[in-house]
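The primary structure of each chain is shown beneath.
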Amino acid sequence: MARVKFLCDADRCIECNACVTACKNEHDVPWGINRRRVVTINDGKPGERSVSMACMHCTDAPCAAVCPVSCFYTTADGVVLHSKDLCIGCGYCFYACPFGAPQYPKVGNFGSRGKMDKCTYCAGGPEADSTPAEYAKYGQNRLAEGKLPICAEMCSTKSLLAGDGAIIAEIYKERVMKRGYGSGMWGWKTAYSDSPTG
Amino acid sequence: MPSVVSHLRSILAPLCLAFALMFAVAAPAAAQLSFKPTDQAVHEDKLLEALKAGEKVTGRITIPDRMAASLIQPAGREWRDFQRSMLPWIGGIAIIGMTVLLAAFLLIRGRIRIEKGFSGRTILRFASFERFMHWVTATCFIILGLSGLNISFGRSLLLPLIGPEAFSMLTHWGKLAHNYLAFPFMLGIATMFAVWVKDNIPSRMDWNWIKAGGGLLRNGQHPPAKRFNAGQKGIFWMVIIGGVLMSLSGWFLLFPYQAGDVTSLQIWTVVHAIVALLFIAGILAHIYIGSVGMEGAFDAMGTGQVDVNWAKEHHALWVEEEQAKGRTPAGAPPRGMPAE
Ligand code: SF4
Ligand code: SF4
């Protein structure tokens, strides 16, 4: 099985936010939650770079390790998913996540955050694939239909890559060789460093 | 025609000059045209290297959620490691260690008896308000403690036993209880401080009590004490300091993002967890000595009336004070249960 990952080639990202919008639309993501976002580093200075970031579907995912009810699971493709039925909205996964991926429908006190929501790599949740129940909680299950995440598919400059980690890393390295520069595989060290196989 | 050409020329000449001037002025700027995206571009590796502990790689975002501006916070992984490897050790040593210690103490020393036996006469040790305050705080503490332990260790200890659905439901209710009972608990801590602090100021007598091992180690030894002996004062201050630390750290977790961002939440959860485990271990000792560990001790918080012989053995000076105030005439007939 392939180990799927995201890779944002920041030297190509034009901060158009199409990935952000496509994601919100595809999954009917509630107000206030952005499963994907674009962060611009050194904004307005020479050499600024924009990075599109969502859940990185980490190896030995910090969110899964700290969840008090252990509601996360990793699919055979390496996608980190969770069960909204089991989630108690405690916020721990947000504290542990290096990429600020987990978000909550409410910014409440007294534990009224609501169920955690995050990027699913367009792979839905524990419900049966492509059912209305799955859509309501997690959004579209594109992976089950043999499609890649909508954000990467939408990317006009092909900055955002999704797919087999080994292949997209290879594509990125070829690009860097060809053009002679690259600002790095953003998040990869933090998300996958511990594991040689990634 | 020529007039037109000469006219044109008269316009073009200054224009050309102007262009030439512009390029001359712009010459230093030409260096910027050869700006290489490679040299000055931000690079992830350099940003990560420059990060200090607890810092994040941040930028600008165009969505309203300010927290989303944080791109990478490597500290999240350290927090995970603390939750996964450190916390079970701290919890195990504190709680299992204390339980083993108390069991060993019970085995070796046995139950501490009233040496002269029950006299049948009692003296009021804790008024009903004091007992009410104690038990409200204690009940909150037990529920807070169990639901807190469940958050940290339930997934390893309880989840495999009762299954994910039941465990999730239980943890959900536990979390709600934890959030709401925090308030009566904080009130209880504040009230206990106000009511008992005057009897808990450390004094020279406490030193002697400690040197004598509190009379806990050997029979027949009863260092004098006023209302509270050094051991009880220790428990009092542990509860106050622990309670304040728990309240403070818990407050920031109850109202997230008011004190700061995710880094401060990580720090407060660590403080909350470590103090809680030490606190629970300390309270285990308190529960032990107030129940199985010492004969006659439970009555103080149970009925509020303690046996005069117990009081004289453990709080000789306090009994004298009370008698001087005429609250318990020596040799008064046995008192029944207080009307409550
Ligand atoms: S990016 Fe965050 S939410 Fe996604 S797998 Fe990693 S730790 Fe979990
Ligand atoms: S918010 Fe939900 S998913 Fe995240 S750690 Fe808490 S229970 Fe688990």
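These numbers were taken from a predicted model, which means no experiment stands behind them.

A separate point is the overall build of chain B. Counting its regular elements, chain B contains 13 helices and 4 strands. For chain B, the proportion of its 340 residues judged to be buried stands at 39%. Taking all contacts inside chain B whose residues are at least 6 apart in sequence as the whole, residues at least 24 apart take part in 77%.

Residues and elements named next belong to chain B. Taken together, the side chains of Leu-161, Ile-162 and Leu-170 make up a nonpolar region of the molecular surface, amounting to roughly 290 Å² of accessible area. Note on placement: Leu-170 falls in helix 7 (residues 164-196). According to the relative accessible area criterion, Leu-170 is partly exposed, its value standing at 42%.

Further remarks concern the pattern of salt bridges. Enumeration over the complete set of coordinates arrives at 26 salt bridges over all chains. With a shortest N-O distance of 2.7 Å, Lys-56 of chain B and Asp-261 of chain B are connected by a salt bridge. Here the residue Lys-56 of chain B occupies a position in the loop between helix 3 (44-50) and strand 1 (57-58), and Asp-261 of chain B occupies one in the loop between helix 9 (230-254) and helix 10 (262-290), the gap between them amounting to 205 residues. A relative accessible area of 18% places Lys-56 of chain B in the buried class. Between Lys-198 of chain B and Asp-199 of chain B there is a salt bridge; the shortest N-O distance is 3.7 Å. Through salt bridges with shared partners, a single network forms among Asp-9, Asp-11, Arg-12, Arg-49, Arg-175 and Arg-179 of chain A.

Close to ligand 1 lie 14 residues; Cys-55, Met-56, Cys-58, Cys-63 and Cys-97 of chain A are nearest. Its residues assigned to classes, the shell around ligand 1 comprises 12 nonpolar, 1 polar and 1 charged.

Another aspect to go through is the side chain of Gln-73 of chain B. Here Gln-73 of chain B shows up in the loop between strand 2 (70-72) and helix 4 (75-109). Within the local environment of Gln-73 of chain B, its side chain forms a polar contact with the backbone oxygen of Cys-97 of chain A, the two atoms lying 2.7 Å apart. In this structure, Gln-73 of chain B is in contact with Phe-94, Tyr-95, Ala-96, Cys-97 and Pro-98 of chain A together with Lys-56, Val-262 and Gln-266 of chain B, ignoring residues within four places of it in sequence.

Here the focus is the interface of chain B and chain A. The interface of chain B with chain A comprises 56 residues on the first partner and 58 residues on the second. Taken together, both faces of the contact between chain B and chain A bury some 4800 Å²; the carbon and sulfur share is 59%. Our count for the chain B to chain A interface comes out at 5 salt bridges. The salt bridge partner of Asp-60 of chain A is Arg-84 of chain B, with a shortest N-O separation of 2.9 Å.

Within the secondary structure, Phe-167 of chain B sits in helix 7. You can call Phe-167 of chain B buried: its relative accessible area is 0%. In sequence terms Phe-167 of chain B and Lys-56 of chain B are 111 residues apart; their C-alpha atoms lie 34 Å from each other. In this view, Phe-167 of chain B contacts Pro-68 and Val-69 of chain A together with Asn-150, Gly-154, Arg-155, Leu-158, Leu-159 and Ile-162 of chain B; residues no more than four positions away in its chain are not counted.

On to the packing of helix 7 of chain B against helix 9 of chain B. All names here are of chain B. Contact geometry of helix 7 with helix 9 gives a least axis separation of 10 Å together with a crossing angle of 145 degrees. Pair helix 7 / helix 9 crosses with left-handed handedness. Here Asn-179, Ala-182, Phe-183, Phe-185, Met-186, Ile-189, Met-192, Phe-193 and Trp-196 of helix 7 come into contact with helix 9, specifically with Phe-236, Trp-237, Val-239, Ile-240, Gly-243, Ser-247, Trp-251 and Leu-254. Counted by class, the contact of helix 7 with helix 9 contains 14 nonpolar, 3 polar and no charged residues.

Moving on to the packing of aromatic side chains. What the rule picks out here adds up to 18 aromatic pairs over all chains. Summarising the aromatic geometry, the rings of Phe-6 of chain A and Tyr-121 of chain A are spaced 4.5 Å apart at their centres and angled 40 degrees between planes, so their arrangement reads as tilted. With Phe-6 of chain A in strand 1 (residues 4-8) and Tyr-121 of chain A in the loop between helix 3 (92-96) and helix 4 (132-138), this residue pair connects regions lying 115 residues apart in the sequence. We classify Tyr-121 of chain A as buried; its relative accessible area is 0%. Consider the rings of Phe-126 of chain B and Trp-196 of chain B, whose centres lie 5.5 Å apart with planes at 55 degrees: the pair is tilted. Of this pair, Phe-126 of chain B sits in the loop between strand 3 (122-124) and helix 5 (128-157) while Trp-196 of chain B is found in helix 7, placing the two residues 70 residues apart along the sequence. Like Phe-126 of chain B, the residue Trp-196 of chain B is buried in the burial classification.

Residue and element names in this part refer to chain A. Across the 5 residues that make up strand 1, a large majority, 5, are buried. Every second residue of strand 1 is oriented toward a common face, with Val-4, Phe-6 and Cys-8 on one face and Lys-5 and Leu-7 on the other, all of them buried. Relative to strand 6 (residues 160-164), strand 1 is paired through 5 bridges, and the arrangement is antiparallel. Of the residues in strand 6, the one forming a bridge with Cys-8 is Leu-160.

Cut-offs applied
Residues numbered from 1 in each chain as written. Chains lettered and ligands numbered in written order. Predicted model: local features only at pLDDT ≥ 70, side-chain atom pairs only at ≥ 80, totals over all residues. Heavy atoms only, no water. Helix = DSSP H or I, 4+ residues; strand = E, 2+ residues; numbered from the N terminus. Buried < 20%, exposed > 50% of the residue type's maximum accessible area, 1.4 Å probe, protein only. Contact = heavy atoms within 4.5 Å. Patch = residues over 30% accessible without salt bridge, like charges linked within 9 Å, V, L, I, M, F, W, Y side chains within 5 Å. Areas by Shrake-Rupley, 256 points an atom, 1.4 Å probe, with all protein chains shown as cover. Salt bridge = Lys/Arg side-chain N within 4 Å of Asp/Glu carboxyl O. Near = heavy atom within 4 Å. Nonpolar A, V, L, I, M, F, W, Y, C, P; charged D, E, K, R; others polar. Polar contact = N/O pair within 3.5 Å; in protein donor to acceptor, adjacent residues only side chain to side chain. Buried area = accessible area lost by both parts, 1.4 Å probe. Axes fitted to C-alpha atoms, helices over the stretch in contact; angles between N-to-C directions. Left-handed = near helix turned anticlockwise from the far one by under 90°. Phe/Tyr/Trp six-rings, centres within 6.5 Å; stacked < 30°, edge-to-face > 60°. Pairing = 2+ DSSP bridges.

This is a description of form; function is not addressed.
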